[in-house]
Amino acid sequence: MYSKKLMDICENPSNVGTLDKDSPDVGTGMVGSPECGDVMKLQIMIDRATRVIKDVKFKTFGCGSAIASTSLMTDWVKGKSIEDALKFTNAEVVKELELPAIKIHCSILAEDALRAAVEDYYKKNPDMRPAVSALGG
Amino acid sequence: MLKKPVYLDYHATTPVDPEVMRTMLPYFTENFGNAASKSHEYGWTAEAAVERARGMIARLIGATDKEIIFTSGATESDNLAVTGAARMYREKGNHIITSAIEHKAVLDSCHALEREGFEITYLGVDKYGQVSPEDVKKAITQRTILASIMAANNEIGTINPVAAIGRVCKEAGVIFHTDAVQGVGKMPIDVEKMGIDLLSLSAHKIYGPKGVGALYVRRKNPRVRLVPIIHGGGHERGMRSGTLNVPGIVGFGKACEILQRVMTEEIRRMQHLRDMLWDGIRTQLEDVYLNGHPDERLPNSLNVSFAYVEGESLMMGMKDIAVSSGSACTSASLEPSYVLKAIGVDEDLAHTSIRFSVGRFTDEEEIRYVVKKVVDTVNKLRELSPLYEMAKQGIDIKNVQWTGHHH
């Protein structure tokens with residue numbers, strides 16, 4: 001039921017690991033729940049001057065599509081500015097991994113994890129948060 | 001050289017034993033007769049073969065030949081037993097007792113009967129998955145006509161106190177059906193000693209072919225009658241019409257004959273391999289939990305929760321091992337196993353469960369390979385698991401405020 005690409009990513013996911021969650025430059029997002037069978041933890045390290053995601057790490061408890069979705073998303077956002085990274089949507093994952101309909105929620109969770117990580121970073125660094133209008137754009 | 005994927009899913013199905021296959025072959029070609037053709041040699045040969053098979057099946061469970069009804073498989077046997085008995089004895093009462101962890105073939109038959117006005121009691125099980133005979137006794141009312149309780153569970157392998165439940169039913173005059181699909185060949189079964197009135201069995205779980213099953217229907221003390229669910233030519237004492245699957249039945253019979261010969265030794269062998277698998281896993285991995293009864297369990301069955309590692313990703317990580325999972329992600333409904341839920345396995349652990357089942361053709365080399373593969377894959381996936389990381393940091397994941405989501 002899975003695409004070869006998805007299987008390959010599961011075999012060798014990228015950006016697995018942990019960043020220092022107490023660092024002011026790191027935003028951490030944790031979404032899902034063990035009861036639902038998926039938990040994703042995503043961490044991004046931001047360069048203050050450029051707003052670029054310098055580093056990104058994740059850990060995922062979940063099925064193959066959840067792991068592959070998070071891995072793919074981390075590849076996508078690494079090196080991008082926060083604003084560009086947030087343009088990422090689950091639809092890209094669905095397309096790229098050819099996710100079956102029943103697994104689409106895994107890709108949504110990856111998107112949620114990214115948003116949660118960015119939000120955590122802004123909480124730590126309120127001065128970095130763009131004006132409301134910019135976010136809405 | 002190991003044949004891969006290594007097959008450890010004997011609870012799902014088994015390969016046809018080569019001896020069974022050889023016995024079946026002539027009945028596809030030269031002995032192709034219809035067992036219901038009474039007017040010529042082709043029919044007589046087929047009928048004789050069917051009757052021999054019937055005898056072999058009967059002997060394996062302590063029944064007499066005439067008490068065996070052939071079906072298309074255990075799903076049909078369960079449907080016929082539950083639905084057929086309910087409709088036959090409806091005037092006597094409309095109450096049926098079953099358990100929460102029966103196979104869907106029984107549970108869904110019960111649900112259908114509810115729509116016909118029957119009342120069903122779904123008994124809970126203990127943390128090992130056993131139904132208490134005392135609970136059966138307490139559930140029986142004046143209106144109770146049937147109890148359907150499985151001999152052994154297909155997911156966790158737990159064996160029920162069948163004889164004690166049989167006694168309770170007998171005393172109350174309640175017909176006792178047991179789904180013995182997983183039990184046959186892996187535990188002693190005797191319909192007389194265990195007080196069983198109806199018993200479902202399947203060929204493909206015991207190295208016979210798919211597409212054939214049987215229902216034992218008691219003929220005396222009491223004589224059990226059933227309303228058929230398939231109508232037609234009145235085959236099988238009117239209880240199951242349809243031309244008999246002669247090659248399948250011949251194979252089924254042979255499979256039972258072989259079991260009678262090898263069962264004692266095979267049980268010992270499977271148990272050794274199963275224990276070797278479990279010992280290998282639990283001595284090398286922490287936070288692994290056995291689901292099911294520690295002792296009163298099928299000798300080939302091992303259901304394990306590997307905390308912090310989701311079952312489907314674990315199976316993907318060990319693609320060269322054929323097993324099944326209680327994880328939600330492997331089911332169409334995204335619901336974790338109702339059996340694990342019924343025995344009180346926390347949902348987070350239910351997502352991490354894998355069912356291994358060994359069988360006649362499993363060997364030690366395969367088990368050694370599987371142990372190593374499982375240990376390596378679990379370790380690799382735990383490095384990927386945020387839950388494992390939290391557990392290592394001493395955070396109790398039960399106390400975390402999770403965001404929850406779409407399910």
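Note that the coordinates shown come from a computational prediction; the quantities given were computed from them, not determined experimentally.

## A word on the overall build of chain B
- For chain B, the count of helices and strands is 12 helices and 13 strands.
- In terms of C-alpha radius of gyration, chain B reaches 22 Å, essentially the compact-globule figure of 22 Å for 407 residues.
- Principal axes of the C-alpha set define a box for chain B whose edges measure 75 × 55 × 35 Å.
- Out of the 407 residues belonging to chain B, those deemed buried represent 59%.
- Restricting to contacts in chain B with at least 6 residues of sequence separation, those with at least 24 account for 74%.
- Summing over all exposed atoms, chain B offers an accessible surface of approximately 16600 Å²; the carbon and sulfur share of this is 52%.

## Details of the domain arrangement of chain B
Residues and elements named next belong to chain B.
- Here chain B is partitioned into domain 1 (6–11 + 263–392) and domain 2 (18–259).
- Buried area between domain 1 and domain 2, summed over both chains or domains, comes out near 2500 Å², and the portion from carbon and sulfur atoms is 58%.
- The tally of links between domain 1 and domain 2 comes to zero salt bridges.
- Inspection of the domain 1/domain 2 interface yields 12 residue pairs in polar contact (both at pLDDT 80 or more).
- Here the residues of the side of domain 1 that touches domain 2 are counted per class, giving 13 nonpolar, nine polar and five charged.

## As for a positive patch on the surface
- Taken together, the side chains of Lys66, Arg223, Arg225 and Arg237 of chain B make up a positively charged region of the molecular surface.
- As for its position among the elements, Arg223 of chain B is in the loop between β8 (213–217) and α7 (246–284).

## A few points about the interface of chain B and chain A
- Chain B puts 31 residues into the contact, and the matching count from chain A is 33 residues.
- In this assembly, chain B packs against chain A so that about 2700 Å² is buried in total across both faces, 67% of it on carbon and sulfur atoms.
- Lys41 of chain A is the partner of Glu389 of chain B in a salt bridge, and the nearest nitrogen-oxygen pair spans 2.4 Å.
- Across the chain B-chain A interface, the total number found is 14 residue pairs in polar contact (both at pLDDT 80 or more).
- Contributing elements (two or more residues each) for the side of chain B that touches chain A: α8 (311–317), α10 (347–350), α11 (364–383) and α12 (386–392) of chain B.

## Focus: the pairing of strand β4 (residues 119–123) of chain B
Residue and element names in this part refer to chain B.
- Here strand β3 (residues 95–99) runs beside β4; their pairing, made up of five bridges, is parallel. Across the sheet, the residue bridging to Ser99 is Leu123, located in β4.
- For the crossover that starts at β3, traverses helix α4 (residues 104–115) and ends in the parallel β4, the hand is right-handed.

## Focus: the confidence of the model for chain A
- Per-residue confidence for chain A averages 92 on the pLDDT scale, and 96% of its residues sit at or above 70.
- Least confident of the elements in chain A is helix α6 (residues 132–136) of chain A, whose mean pLDDT is 54; most confident is strand β3 (residues 52–61) of chain A, at 97.

## Structural notes on the sheet that holds β8 of chain B
Residue and element names in this part refer to chain B.
- Spatially, β2-β8-β7-β6-β5-β3-β4 is the arrangement adopted by the seven strands of the open sheet, whose pairing is mixed. Looking along the sheet, the strands with just one partner apiece sit at the ends: β2 (68–71) and β4. When the angles between neighbouring strand axes are averaged without regard to direction, this sheet yields 20 degrees.
- Two elements, strand β7 (residues 198–202) and β8, share five bridges in a ladder whose sense is antiparallel. When the sheet's bridge partners are listed, Leu201 is paired in β8 with Ala214.

## Considering the pattern of salt bridges
- Tallying each qualifying case throughout the model produces 35 salt bridges over all chains.
- Close ionic contact of Arg115 of chain A with Glu111 of chain A constitutes a salt bridge, the shortest N to O distance being 3.3 Å. Remark: Glu111 of chain A and Arg115 of chain A occur in helix α5 (residues 104–124); sequence separation between them is four residues, near one turn of the helix.
- On the accessibility criterion, Arg115 of chain A (37% relative accessible area) is partly exposed.
- Owing to a relative accessible area of 14%, Glu111 of chain A belongs among the buried residues under this scheme.
- Among the salt bridges present, the one from Arg355 of chain B reaches Asp9 of chain B, with a minimum N-O distance of 3.1 Å. Of this pair, Arg355 of chain B sits in strand β13 (residues 353–357) while Asp9 of chain B sits in the loop between β1 (6–7) and α1 (18–24), and the two are 346 residues apart along the sequence. Each member of the pair Arg355 of chain B and Asp9 of chain B is classed as buried.

Basis of the calculations
Residues numbered from 1 in each chain as written. Chains lettered and ligands numbered in written order. Predicted model: local features only at pLDDT ≥ 70, side-chain atom pairs only at ≥ 80, totals over all residues. Heavy atoms only, no water. Helix = DSSP H or I, 4+ residues; strand = E, 2+ residues; numbered from the N terminus. Rg over C-alpha atoms; globule rule 2.2 N^0.38 Å. Buried < 20%, exposed > 50% of the residue type's maximum accessible area, 1.4 Å probe, protein only. Contact = heavy atoms within 4.5 Å. Areas by Shrake-Rupley, 256 points an atom, 1.4 Å probe, with all protein chains shown as cover. Domains from an automatic or database assignment. Buried area = accessible area lost by both parts, 1.4 Å probe. Salt bridge = Lys/Arg side-chain N within 4 Å of Asp/Glu carboxyl O. Polar contact = N/O pair within 3.5 Å; in protein donor to acceptor, adjacent residues only side chain to side chain. Nonpolar A, V, L, I, M, F, W, Y, C, P; charged D, E, K, R; others polar. Patch = residues over 30% accessible without salt bridge, like charges linked within 9 Å, V, L, I, M, F, W, Y side chains within 5 Å. Lys, Arg positive; Asp, Glu negative; His and termini not counted. Charge placed at Lys NZ, Arg CZ, Asp CG, Glu CD. Pairing = 2+ DSSP bridges. Right-handed = clockwise from strand over helix to strand, strands pointing away. pLDDT = per-residue confidence, 0-100. Axes fitted to C-alpha atoms, helices over the stretch in contact; angles between N-to-C directions.

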